[in-house]
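An overview of the molecular structure
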Amino acid sequence: SGAEGELEELASRLGAPIHHTANGKCAASGSHPLNVGLTWSEATSDLSGMGPFLSPLFEQADGLLAVGCRFTQLAT
């Protein structure tokens, strides 16, 4: 969408890590220091029992700001 710079600036101002979905991997530069990649490291065949594969950052978060995200079962 061409908003990569704005997303990176927002993350930098907030000091917030940037996760992306499988379809949104270009939302922020891979070299940006706050880009931490996908929300999950592995997937199960039916997407159940995904808890152990989610980023540990979610357990530490007080909130989540989703920008341009489709909330599908895989993304969430």
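Here's a quick rundown of the structure. (Residues numbered from 1 in each chain as written. Predicted model: local features only at pLDDT ≥ 70, side-chain atom pairs only at ≥ 80, totals over all residues. Heavy atoms only, no water.)

This next bit is on the overall build of the chain. Along the backbone of the chain there are 2 helices and 2 strands. Relative to the 2.2 N^0.38 estimate, which gives 11 Å for 76 residues, the radius of gyration of the chain is 13 Å and therefore close to what a compact globule would have. Structurally, the chain occupies a C-alpha span of about 35 × 25 × 20 Å along its principal axes. For the chain, with 76 residues in total, the buried portion stands at 18%. Per element, the accessible surface of the chain, about 5600 Å² overall, is 54% carbon and sulfur. (Helix = DSSP H or I, 4+ residues; strand = E, 2+ residues; numbered from the N terminus. Rg over C-alpha atoms; globule rule 2.2 N^0.38 Å. Buried < 20%, exposed > 50% of the residue type's maximum accessible area, 1.4 Å probe, protein only. Areas by Shrake-Rupley, 256 points an atom, 1.4 Å probe, with all protein chains shown as cover.)

This part is about a nonpolar patch on the surface. Taken together, the side chains of L10, L14, L65 and V67 present a nonpolar region at the surface, about 390 Å² in accessible area. In this structure, L10 sits in helix α1 (residues 4-14). (Patch = residues over 30% accessible without salt bridge, like charges linked within 9 Å, V, L, I, M, F, W, Y side chains within 5 Å. Salt bridge = Lys/Arg side-chain N within 4 Å of Asp/Glu carboxyl O.)

Roughly 1300 Å³ of internal volume is contained in the largest pocket. Secondary structure elements with two or more residues in the lining of the largest pocket: α1, β1 (18-20) and α2 (57-60). No other element matches α1, which puts 6 residues into the lining of the largest pocket. Split by residue class, the lining of the largest pocket holds 24 nonpolar, 12 polar and 3 charged. (1 Å grid on protein atoms, 1.4 Å probe; cavity = no way out; pocket = protein on both sides within 12 Å on 5 of 7 lines; lining within 4 Å. Points joined across faces, edges and corners; volume = space filled by probe spheres on them. Nonpolar A, V, L, I, M, F, W, Y, C, P; charged D, E, K, R; others polar.)

Here we take up the pattern of salt bridges. Summed over the entire model, instances satisfying the criterion amount to 1 salt bridge. Linking R13 and E9 is a salt bridge whose minimum nitrogen-to-oxygen distance equals 2.9 Å. Of this pair, R13 and E9 both sit in helix α1, separated by 4 residues, roughly a single helical turn. Of the residues examined, E9 reaches a relative accessible area of 42% and is grouped as partly exposed.

Our focus in this paragraph is α1. Taken together, the buried positions of α1 are occupied by L7, E8 and A11. Looking straight down α1, one finds that the buried residues subtend no more than 95 degrees of arc, so they occupy a single side. For α1, the exposed residues set more than 90 degrees away from the buried face come down to E6 and R13. (Arc of directions from axis to C-beta.)

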